[in-house]
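# Observations on the three-dimensional arrangement
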Amino acid sequence: MKRMGILALLLWVCVLFYVGIGLFLGGFLLVRVEVNRSSSCADVLLQGEGPEGGFCPGEPRFRRAVVLIIDALKFEFAQYDHTNPVPRPFQNKLGVLSELAASRPAHARLSLFRADPPTTTMQRIKGFTTGSLPTFVDVGNNFASSAILEDNLIHQLDQNGKRVVFMGDDTWENLFPKRFHRSLPFPSFNVKDLHTVDNGILRHLYPTMEGNDWDVLIAHFLGVDHCGHRYGPDHPAMAEKLTQMDQVIRAVIGRLQNDTLLVVMGDHGMTDTGDHGGESEKETDAALFLYSPSQLFSPTQAEPEVVPQTDLVPTLALLLGIPIPYSNIGQVIAPLFPQAPPAGGSTHQLSQAQALWINAKQVNRFLETYSQAAKDLPPESLAQLRGEFLRVSQEYHALLGNPPSAPGHTEPPPGMQEVVLSLQRYLSNVRETCRTSWARFHPLKMAAGVAVLLATCLLCYAISELAGTLAQGGRNPLWTPAVLGTAAGGSLTVWQLLFWSRVELLWVLCGAALVSQLAFFWKAYGMNKMEKPKKSKAGPRCRPLGLPDLSAPLCVLFLRCASLFSDSYVVAEGQVATFLLCTLGIYVPLRLNWDGQLLPLGTDAQKPSPLFLAPQPSPSASPSSVRRETLTLLGCVALLVASLYFSLSFHGCREEQGNCEPSPFLAPLSREQDSQLRNLRYLLSVASLVAWVYLVRSWLRHYGNLNCPSPAVFTARWLLPLAAICVGLYWAVSSTPEESFRNLQDVIRLSLLVLPRAVYALLGAGVAVVCLNPLTVFLKTRQASASSLVPPRYRASTSVSPQAELHHLIPQIYQRMRKSLEEEAAIAGQEEDRRPAVEAYGLGTVYSAPLFLVSVLLGLGLAMLHPEGMMLSFLLLLLEAGAILHMHSAATTLSSARGFADSFMVPWTPVLMWALAATQFFHSTGHLPTFPSIQWNSAFVGFNHSDSGTLLPGLLVSANTFSAHILFAVSCPLLLFWPLVCEPQAGRRGRMAGDSEEDEDAVMEMRLRESPDRFSAALLQLGVRYLLVHGAQLLASVCAAAILRRHLMVWKVFAPKFMFEAFGFLMTSVFVLLGLALVLRVDKAVSSWFKRLLPEHSR
């Protein structure tokens, strides 16, 4: 099979995983059916009632309304505590709310305003304008806000002649296009910009209020929310923003008229780090302040403890005299309506019972319509709600038959309070029924998705074990499955068109995937049947691994997957992954010692082996070389354990972890108010950055990859350090407090744009250069002196220094090259001491050097997307990866010395360690499988002052979130190359022990070119094994979400975990393919280099 066939086969495997993910997503994520109907004043809500029983029985109570939305106005921000002598920056700044609520209780109330998760801005706007509950899938639309099609307050205001003027967050313009009388949107996605939106509103707010061309004024401020994202709530900038909002509210109140209602509200809260999106109380508890110059509340009525956010919809609708939106399930806020009907028969005020009755009829109508359009509400619950509504209706109509006994009677009639309580209870029951029932799963799609994922995991294992046979064959084994799968998909399409008159793509893909998998399994069965019992010499072994070879990694992988079924273990996933990785690291030397490969055995053949050791073949390595490899292995284990221990200092915290404190390194330096501590942290970050670049360049120099004048070497010598300097400067500028250099603000803002873009350009150019010309080999031809005591050799040295040449001498770098040169020398009749000697510097690491360089370039760019302190974590990543690679190399060397291992086959243990390291590093950079933990600031690194849409910020956030998956996936082929890179050291030690120099066959990575079939098989096997490990974790998270879909923590723990696992697998698979493609690109470049080299030395 050709090399491109390897990529095609792996791409097919990835597509099968994608199909399984898509099927499960289609059956698991909740999508509530939207009812495309609208309310109107002419609606007859209940059969037998006339228009007077509809939405618009009389004149509205308020002619105008001003709605001030302060994004992320947490309830704690709105409270005022006079007894607090030293308030924190977010405390006691909005004094106007508490002052009015205390001094004028009939005119103002401050309430806890509870939002429904997900607490993202777009979903909250949808919630308090439609009165409906969002579903889990809605959170994905926060960056691509599409128009709301359901009936909503803005639509009703527009339809009933109300002039709505909007200013602020441009999300509203996307949600309600062409619905505003006048609109002044401002870009909202730049969370580092605290003032543009707010200042834009203030330029227009007061002149608009003083004008006469509006009925409803909506202003959405973003400064508080952006301040929380950038600095957190406990920062002086938050105090300034809240003080500014206090002044705005006071100014607005001074301009209100008696017929105007003021609503000040937050759409959601925020965590202690300034994030939101989840369902913790800190994120859901916002503030609601209602005020009017005229009397608004009855002083004798108690206010509710909590006001659900959806309750604002029917309340505003009835107060402004417009119909309640059709799909609303909220209930009116009762204290805003008088308990008794208005005196004198006035119709401009509804009583509590009247308002709740209209609300109940609207909700009952929606339930009837929805139950006909969708079948996700349980029939028994619907029957119970219908019976409850019938009883309430009878009670209400019986009460209306007893009007007040005298004109001007202001006391509620007997039984009124019971009717009010019954109506409220009915509306609450409807809301809870909808909340628990709108989990509209599609079990068949979920089962099909699980089946496709399971079959693909089995397929990966089969390909892994048959890699040698597949690589030997001349025909691509993908043809038959592809043809049969395409035929099955086409047949399903025709069948759907004939019987359904429509095509559902997911089922077509499902059929094609399953048929292609069955075809491949049948083909694999035939290949396995024809395979000879003996091990093939052309590739990794094709028969299944024995239990001793697979038992430990299989056990660890099983524990890893089993932990995903427990919410406690998912919450503590960072510690679980760290423990499992540490366990595997310690297992490697223990297993080698058990097999008698770790410590040198005695040379006395008569001496029996220890009882705890299995019979061993005779050793082919000297005790000194085994001892050195043993010390290397144990040292790397110690380094791995130490790196894992220190990486725990960079973990974030979930809400469920109680008193957990997030790492201080997760906070940007700009949040640090102590200048000395800020400088110290900056120096640590810069020192880590310098160490990162130094270690990379040292490795490349050590193996002779910095000697030639190629573009790839230019990238390593100049572009990499220059990009690191730009990153350090960017961190210095971004951590500068705004108040420190006010006269240089323009320069600072320009630098925040220029420096990151310079890094992007440098790193992008470096990656492009390496991909186009990846060779870092320097070839030198010289004449040997006549006095040379040792005949010149053809070798691939790794450094110009003679000492390095001795350390990494690789004779016979390429047999054809040596034969050609010797024949040419013999023909020319040259003397033996005059023949040319060829030294190829860096040829031993010709594959690993460009791959390592690309990984480092990507790592530097990803580090810039993180907070400055995370550079320490990235340095630990480099040390951790190096420890795993050297452990794998030492274990391979020790096993090969005794005939136990094939250096072309990467065992399961290092593959599993590499995958676990990706998960561990995901957590050690502060990431968590929760939406509030997403580091949104990364979306504006280099683009904080440009309106770049949503695609580019989304890509930057994705790169930041899944940086661990990207780095470990693209560098995965290093697991194949590293034992070959370190192999000459073992050869050298063998020579030092007295082995013949002529017996040395180690040629580092050039061995791959001498066995192209084994090279192809090894790449294919490594790729599918790495995908299998991640696919098994994905399958476990899918099964956990499916089995526990009715679990209390499904939407808080299991569903987000599945989403992050699915997107993480997507990133992993893409970059595994890119990493392998780079290896094949290097292989092609090496082939071209040798073709040019041989004729050149033959002339």
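Residues numbered from 1 in each chain as written. Predicted model: local features only at pLDDT ≥ 70, side-chain atom pairs only at ≥ 80, totals over all residues. Heavy atoms only, no water.

### Remarks on the side chain of arginine 681
Here arginine 681 is to be found in helix α23 (residues 675-702). Leave out the neighbours within four places in its chain, and arginine 681 touches Pro664, Phe665, Ala667, Leu669 and Glu672. (Helix = DSSP H or I, 4+ residues; strand = E, 2+ residues; numbered from the N terminus. Contact = heavy atoms within 4.5 Å.)

### Points about the nonpolar core
Within the largest apolar cluster, 202 residues are counted, with the highest numbers of intra-cluster contacts made by Phe28 and Tyr1026. Once residues within four sequence positions are removed from consideration, tyrosine 1026 is found in contact with Val911, Trp914, Ala915, Ala918, Phe968, Ala969, Cys972, Thr1068 and Val1072. (Core = buried A, V, L, I, M, F, W, Y, C linked by side-chain atoms within 4.5 Å. Buried < 20%, exposed > 50% of the residue type's maximum accessible area, 1.4 Å probe, protein only.)

### Some remarks on the sheet that holds strand β1 (residues 64-70)
A sheet is described by the order of its strands in space; here 8 strands give the open sequence β4-β3-β5-β1-β6-β7-β2-β8, paired in mixed fashion. Sheet topology places β4 (182-186) and β8 (306-308) at the edges, where each strand pairs with a single neighbour. Across the sheet, the mean angle separating the axes of adjacent strands is 20° when strand polarity is ignored. As defined by bridge partners, strand β3 (residues 164-169) adjoins β4 across 5 bridges and the pair is classed as parallel. By the bridge assignment, methionine 167 is partnered in β4 with leucine 184. Packing against the sheet, helix α9 (residues 236-253) makes contact with β1, β5 (216-221), β6 (260-265) and β7 (285-291), and its axis sits at approximately 180° to β1. (Pairing = 2+ DSSP bridges. Axes fitted to C-alpha atoms, helices over the stretch in contact; angles between N-to-C directions.)

### Some points on the packing of helix α1 (residues 3-28) against helix α15 (residues 443-465)
Across the interface, α1 lies against α15 with an axial gap of 7 Å and an inter-helix angle of 160°. On the basis of their axis angle, the class for α1 and α15 is roughly antiparallel. Of the two possible hands of crossing, α1 and α15 adopt the one that is left-handed. On α15, the residues touching Leu9, Trp12, Val13, Leu16, Phe17, Gly20, Ile21, Leu23, Phe24, Gly26, Gly27 and Phe28 of α1 are Lys445, Met446, Ala448, Gly449, Val450, Val452, Leu453, Thr456, Cys457, Leu459, Cys460 and Ile463. Among the residues making up the contact of α1 with α15, the classes are represented as 18 nonpolar, 5 polar and 1 charged. (Parallel < 35°, antiparallel > 145°, perpendicular 65-115°, else oblique. Left-handed = near helix turned anticlockwise from the far one by under 90°. Nonpolar A, V, L, I, M, F, W, Y, C, P; charged D, E, K, R; others polar.)

### A look at the state of the cysteines
Summed over all chains, the structure comprises 1 disulfide. There is a disulfide in this structure between cysteine 653 and cysteine 660, and the S-S distance comes to 1.9 Å. Sign of the S-S torsion, about -60° for the bond between cysteine 653 and cysteine 660, identifies this disulfide as left-handed. Note on cysteine 653: relative accessible area 22%, which makes it partly exposed. The exposure class assigned to cysteine 660 is partly exposed, which follows from its relative accessible area of 31%. Not part of a disulfide, cysteine 457 finds its nearest cysteine sulfur in cysteine 460, a span of 6.3 Å. (Disulfide = S-S within 2.5 Å.)

### A short note on the packing of helix α33 (residues 974-981) against helix α36 (residues 1012-1043)
Running from N to C, α33 and α36 cross one another at 130°; their axes reach a closest spacing of 10 Å. It follows from the interaxial angle that α33 and α36 lie oblique. Residues Leu975, Leu976 and Phe977 of α33 touch α36, and the partners they reach there are Phe1015, Ala1018, Leu1019 and Leu1022. Residues belonging to the contact of α33 with α36 are distributed by class as follows: 7 nonpolar, no polar and no charged.

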